[in-house]
Number of protein chains: 2
Amino acid sequence: MISVVILGAGNVATHLFKAFTKSDEVQVKTWYNRDIDKLKSYKNDVYITNNLALLKEADIYILAVSDDAISKLSSALPFENKFLVHTSGSVSVHTLDKKNRRGVLYPIQTLSKDAEIDFSNVPLCLETLEKTDLKTLKNLAEAIDSPYYKISTEQRLTLHLVAIFINNFTNQLYRIGHEIADAKHIDFNILKPLILETANKVQNMSPYLAQTGPAIRNDEKTIKKHLKLLENENYKEIYRLLTHSIQQTHGRKKL
Amino acid sequence: MISVVILGAGNVATHLFKAFTKSDEVQVKTWYNRDIDKLKSYKNDVYITNNLALLKEADIYILAVSDDAISKLSSALPFENKFLVHTSGSVSVHTLDKKNRRGVLYPIQTLSKDAEIDFSNVPLCLETLEKTDLKTLKNLAEAIDSPYYKISTEQRLTLHLVAIFINNFTNQLYRIGHEIADAKHIDFNILKPLILETANKVQNMSPYLAQTGPAIRNDEKTIKKHLKLLENENYKEIYRLLTHSIQQTHGRKKL
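Residues numbered from 1 in each chain as written. Chains lettered and ligands numbered in written order. Predicted model: local features only at pLDDT ≥ 70, side-chain atom pairs only at ≥ 80, totals over all residues. Heavy atoms only, no water.

**Student:** What should I look at first to understand helix α1 (residues 11-22) of chain B in this one?
**Tutor:** An α-helix turns once every 3.6 residues. As a result, residues three or four positions apart point the same way. Residue and element names in this part refer to chain B. Taking 1.5 Å per residue as the helical rise, α1 with its 12 residues ought to reach 16 Å, and the 17 Å between its terminal C-alpha atoms agrees with that figure. Within α1, the full set of buried residues consists of Ala 13, Thr 14, His 15, Leu 16, Phe 17, Ala 19 and Phe 20. As for α1, its buried residues are in contact with β1 (2-7), β2 (26-32), β4 (60-63), β6 (101-107) and α3 (131-143). (Helix = DSSP H or I, 4+ residues; strand = E, 2+ residues; numbered from the N terminus. Expected span 1.5 Å × (residues − 1). Buried < 20%, exposed > 50% of the residue type's maximum accessible area, 1.4 Å probe, protein only. Contact = heavy atoms within 4.5 Å.)

Below you can see the structure in the form of C-alpha cells.
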C-alpha cells in the first residue's frame, strides 16, 4: 500500500485523487487546499484540511498546484526529509524546497475538470533526485495502471512544449475549423470523423508519412483559392505559415 | 442494386472500389484508368479498361481523378445524359461537361492508400444539379453505410478548407512535435495518448470549451520559456501565431 497526501484542488489534483481512490494499492491520507470550500464535496471520502500543520504522514506528498505556487508551498511545509513531488511540465525539480526529498510526477494528458479520465491512457513522466524515490513513483504509477517513463528535467520541458503543439495548438485548429464551418451553416459533426482519423492515423504511422493535401502536393491553385476564401487575417496567416511548414518538411518549394 | 463505373486509380477511387465491392447493393461495372497497369491487380474482381469507348452502362459514373483532370476527362466521355459525379472538395460541379447530368460525391476523410477505411466513418457530401440524381447518391451512400449530407458548392469549398486545418495542419503539428521530441531522444509514444484524447475530447465538447494551456491562462513565463527552447524559426513563428490566435479567441491580451 502506498500512502499519499495531495495538495491542491485543480484538475490534476482532482483526477489523481479519483484514480488513487479507485486503486486498492493507494491510500489518500489527506487532501489539502488553501481554500477548503473547493474540497467540501469530498469530505466523506477523505480527510480534508486547509492547515499544513495537520497533514498526515505519507510516502509521497503531491503538490498539484499552479507553477507559481510550487516554491512557496514547498517551503511552507512543516516537515523535512519526506518525499515531495510536483506535477508541472515546466518547473525544475529544484524549485521544490530542498529540506525534503524531491521529484516530479508529470502526467502527459489533457485533464479537463468534467471529462472522465482512464489513467491507463495517461503516461506519467517520472523524475527524482534519489533512486529509491523513483521506485516509489513507479509503484504509484503501476497502482493506477499508468504507463510511466523516466524523464530528465530537460526532456520534460521539451515534452511540455511538444504537448502545447499537439494539444493546445491542435485544439485551436479545431476551433478555427468550427468557427469557419459555423459561419457557412455547416454542421461541425461532418468533420468529427476526420478529426478522429487524423489522430488515429499517427498511432501507427509517422506524421511525416501520414501527410496529404494541397501543401504537400504543391497545389497552388487550391492554396490560392483557400487564402481568398479566408477572411480572418489571423487564420490567413496560420494557413500560410503551416502550408509553408509542410512544404519545408517535405522539401517542396516555398510559397 | 446500384451500378457504378469508377474512373481513376488514386486513393479515393481505390477506397470507393473496396467499399462498393463489400456492399451487396452496389455493382462496379467497369474500373477505368488511363494507365491500366495500376488496375492490373484487380483484373479478376472487376472489368478493367483504359479505353473510354468500352465503359459499360451504369447508374453513376464516378470521376475520382485529380482536380485538374476532371474537366478534360468529363468532356472525353463518349456518351450523353448519364449521371456523372466528381469527388473533389474544391472543384465546381459545373466543371463537369454539361452533356451529362452532373453531381459531386465528396468524402470528408483522410484516405491513405494503405490504411483500412470503414466507410461508416466517412461522411459523404452530396451535391447534384437534378433532384432525382440526389436520391441516387443517397442510395449509394446508404449502400456503403456512410453518413451523408446535402452540401452546396460554397459549403463544400469551405468544408475542404476546414479539412485542411483539422487534418493537414494538425498533422503538421504532430510532425513538429515528433521532430522536437526526437531531437531530445524522447519516445514519441509518450505523446500518442494525448493526441488521441485531444481529438476525442471535441467529439462531445466544443473546441472552444476544451482549450487549456499557457496561452489561454496568459502564462507569459511559460510562453517565454518555450520560445527560448525552440530553435527552428518556423516553429517559433507557429508557436507565436497560434498562441496569439488562442488569446484572440478567448479574449486574452495579445502577445
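**Student:** When you look at unusual backbone geometry in this model, what are you seeing that I'm missing?
**Tutor:** Note on backbone geometry: most residues besides glycine have negative phi, and most peptide bonds are trans. With phi around 60°, Asn 218 of chain A is a residue other than glycine that occupies positive phi space. Relative to the assigned elements, Asn 218 of chain A resides in the loop between α7 (214-217) and α8 (220-229). Residue class for Asn 218 of chain A comes out partly exposed when judged on its relative accessible area of 25%. Positive phi outside glycine occurs at Asp 145 of chain B, with the angle close to 65°. For Asp 145 of chain B, the location among the structural elements is in the loop between α3 and β8 (148-150).

**Student:** What exactly am I supposed to notice about the sheet that holds β6 of chain B here?
**Tutor:** Each strand in a sheet pairs with its neighbour through backbone hydrogen bonds, running either in the same direction (parallel) or in the opposite one (antiparallel). Residue and element names in this part refer to chain B. Pairing within the open sheet is mixed, and its eight strands lie in the order β3-β2-β1-β4-β5-β6-β7-β8. The sheet is open, and its two edges are formed by β3 (48-49) and β8, each paired on a single side. With five bridges connecting them, β6 and strand β7 (residues 124-128) associate as antiparallel partners. Opposite Gly 103, over in β7, you have Thr 128 as the bridge partner. In this fold α3 packs onto β1, β2, β4, β5 (83-86), β6, β7 and β8, with an angle of close to 160° to the strand it touches most, β7. Its contacts with the sheet place helix α4 (residues 153-183) against β5, β6, β7 and β8, and it is angled at close to 25° to β6. (Pairing = 2+ DSSP bridges. Axes fitted to C-alpha atoms, helices over the stretch in contact; angles between N-to-C directions.)

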